[in-house]
Amino acid sequence: MNPKLKEKTKESLTAVLPITAIVLLISVLLVPMELGHIVLFISGSVMLIFGMGLFQLGAEMAMSPLGEGIGVQISKSKKVLIVLFIGFIMGFIITISEPDLQVLAEQVPGVPNSVLILAVAVGVGIFLALSIVRIRDQISLSAMLIVFYGALIVLSFFVPKNFIAVAFDSGGVTTGPMTVPFIMAMGIGLASVRSDKNADSDSFGLVALSSIGPILAVMVLGCFFKPEQSEYTLANIENVKTTRDVATVFLKGLPKYAEEVLISLLPVIAVFVVFQILCKRYHGKQIWKILIGLGYTYTGLVLFLCGVNLGFAPVGAFLGKQLAVFEFKWILVPIGMLIGYYIVKAEPAIQILNHQVQSVTDGAISVKAMNSCMSIGVSVSVGLAMLRVLTGVPIQYIVIPGYVLALVMSRFVPKIFVGIAFDSGGVASGPMTSTFLIPISIGACLAVGGDIMTDAFGVVALVALTPLIAIQMMGLVYKYKTQKINKQADTVIVPEDSDEIIDLGDE
């Protein structure tokens, strides 16, 4: 096995194993499941592990170099209109390629799928273009976030309440496994041609601003389309009795996901071909490496989505429904928090973000520290989501104060933590969230007789929110420790036989 692939697969195993163990433990202690369903779930987990490993390797070999190369080329252009146009086209194409957007479109009632997809793609395109200009012109990310999130908060008071949760969910869903590696690498490419002290911190923030576009787009649609109660069909676990039945389920599902991922990947391949013809940036082995990487990306994403949708999603819906009718239904909150703590590590784009953060910061912010912060943040998110399902608390009561707190904190933490924090919010809410946590939330909501549109949706929005606060808190700790070290560095202690301390701070 390729050493790199072995390393990525091992990382995937470490990420997926805990959530698999938790579900199996719940099935033994709280919610009994048929043996065939357990085998289906475990088979999905195996596909998830290998798919995630292949995808991460593919993104590293293809998506990241392509995004970074385009970022470098864009930064060389002196014409703002050309930069805006290229940024818009890139954002539009990569968003339409995002598989999670198709899933979201199916769930939103009252709006035609094509209208929602195009509106969201336009929203991402516009904000990606603005993000590129921000990096080029060194505009404060914190200031832009305050302005645009402020506008979203104000607009939320004029949008039908049935659309608010879905709108905030869309911001997290559209920055998924196809979008994140490409956009993040583009940010690194844009910042790499700069030599100023803020270049590293400005390489982050593209995902953060791009996440605002979908929220705004769906809110605007909500003002023109009349929302209705969602007619959601709960995913059923396939009736399997033998290992052959399990194999048949996945073999029937593979062609569907193979087609979906191919359609999603074709625009990216087209971008690569056009970019190479115009700029001739890559040569010989580099071209082959990118093509092989695209093959890994394709295979990995097919396996990942097939495993998640056929093995994980139905089990999630079943668990949510059964736990909500449990004698002690409030157990749904701590169980949700436990699942949230581990599930974020299984998001394919999370590990890409964490490794890029460690690389850009020269190890000052480690993968381990990022994983811990993200896990704590998402754990709180899922706990709040389950609490909303059981109580019907409006999502505005959590989201608006949360974003206000995050935006206030952005004025006090080091710049690099602002970009990382707001990027992480979009990255954390990927396919594992949309295909496992949403079904749990909807299953529980149906069991307690709640409104899916107002009570079940919103889990993605909350998952996208809490990492903003958790990572910025890490930034405040980092800032405090740095100041303490710098202060100690200004103090020189003379030889051991003297008690005198010479303070050089004022020299």
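Residues numbered from 1 in each chain as written. Predicted model: local features only at pLDDT ≥ 70, side-chain atom pairs only at ≥ 80, totals over all residues. Heavy atoms only, no water.

### Here's the deal with the overall build of the protein
The helix and strand tally for the protein stands at 21 helices and two strands. The C-alpha radius of gyration computed for the protein amounts to 23 Å, which stays within 12% of the reference 23 Å derived for 507 residues, consistent with globular compactness. Counting only C-alpha atoms and orienting by the principal axes, one finds that the protein spans roughly 75 × 60 × 55 Å. Evaluated residue by residue, the protein yields a buried proportion of 57% over its 507 residues. Summarising the internal contacts of the protein: among those between residues at least 6 apart in sequence, 86% fall at separations of at least 24. Surface accessibility of the protein: about 21200 Å² in total, with carbon and sulfur atoms responsible for 65%. (Helix = DSSP H or I, 4+ residues; strand = E, 2+ residues; numbered from the N terminus. Rg over C-alpha atoms; globule rule 2.2 N^0.38 Å. Buried < 20%, exposed > 50% of the residue type's maximum accessible area, 1.4 Å probe, protein only. Contact = heavy atoms within 4.5 Å. Areas by Shrake-Rupley, 256 points an atom, 1.4 Å probe, with all protein chains shown as cover.)

### Brief notes about the packing of aromatic side chains
What the rule picks out here adds up to nine aromatic pairs. For the pair Y149 and Y403, a centre-to-centre distance of 4.6 Å together with 20 degrees between the ring planes defines the contact as stacked. Within this pair, whereas Y149 is found in helix α6 (residues 141-156), its partner Y403 is found in helix α17 (residues 396-409), the two being separated by 254 residues in sequence. Y149 gets classed as buried once you look at its relative accessible area, which sits at 5%. Taking the relative accessible area as the measure of exposure, Y403 reaches 4% and is therefore buried. Of the aromatic side chains, those joined through ring pairs into one cluster are Y149, F168, Y403 and F422. (Phe/Tyr/Trp six-rings, centres within 6.5 Å; stacked < 30°, edge-to-face > 60°.)

### Digging into helix α15 (residues 348-360)
With 13 residues, α15 should reach 18 Å at 1.5 Å per residue; the first-to-last C-alpha distance of 19 Å fits that figure. Within α15, ten of the 13 residues are buried, which leaves the element mostly enclosed by the surrounding structure. With its phi angle positive at about 55 degrees, D362 sits one or two positions after the end of α15. (Expected span 1.5 Å × (residues − 1).)

### Overview of the pattern of salt bridges
Here the structure, examined in full by the defined rule, presents two salt bridges. Notably, a salt bridge pairs E60 with K8, separated by 2.9 Å at the nearest N-O pair. Residue E60 is located in helix α2 (residues 35-76), and its partner K8 is located in helix α1 (residues 3-29); the two are separated by 52 residues in the primary sequence. (Salt bridge = Lys/Arg side-chain N within 4 Å of Asp/Glu carboxyl O.)

### Topic: the side chain of T297
As for its placement among the helices and strands, T297 is situated in helix α13 (residues 285-324). A residue is classified by how much of its surface remains accessible, and T297, at 1% relative accessible area, is buried. Reaching out from T297, the side chain makes a polar contact with the backbone oxygen of G293 at a distance of 2.8 Å. For T297, the residues in contact, after removing those within four places along its chain, are L54, F55, G58, A59, M63 and L265. (Polar contact = N/O pair within 3.5 Å; in protein donor to acceptor, adjacent residues only side chain to side chain.)

### Notes on the environment of V23
Structurally, the position occupied by V23 is in helix α1. The buried category is assigned to V23, whose relative accessible area is 1%. In this structure, the C-alpha to C-alpha distance between V23 and I38, residues 15 residues apart in sequence, is 9.4 Å. Excluding residues within four positions of it along the chain, V23 makes contact with F41, V315, L319 and F436.

### With respect to unusual backbone geometry
At Q138, a position not held by glycine, the phi torsion is positive, near 55 degrees. Secondary-structure assignment places Q138 in the loop between α5 (113-137) and α6. Among the residues examined, Q138 registers a relative accessible area of 46% and is labelled partly exposed.

### Brief notes about the side chain of R134
Topologically, R134 is positioned in helix α5. The class of R134 is buried, set by a relative accessible area of 0%. Separated by 3.0 Å, the side chain of R134 and the backbone oxygen of F204 make a polar contact. Setting aside its immediate chain neighbours within four residues, R134 contacts I139, L141, M144, D202, F204, G205 and L209.

### Brief notes about the packing of α1 against α2
The interhelical angle for the contact between α1 and α2, taken along N-to-C directions, is 150 degrees, at an axis separation of 8 Å. Considering their axes alone, α1 and α2 lie roughly antiparallel with respect to each other. Note that α1 runs across α2; the crossing there is right-handed. Across the contact of α1 with α2, the residue classes tally to 15 nonpolar, seven polar and four charged. (Axes fitted to C-alpha atoms, helices over the stretch in contact; angles between N-to-C directions. Parallel < 35°, antiparallel > 145°, perpendicular 65-115°, else oblique. Left-handed = near helix turned anticlockwise from the far one by under 90°. Nonpolar A, V, L, I, M, F, W, Y, C, P; charged D, E, K, R; others polar.)

### Description of the environment of H37
Residue placement: H37 occurs in helix α2. Taking the C-alpha atoms as reference, H37 lies 32 Å from S97; in sequence the two are 60 residues apart.

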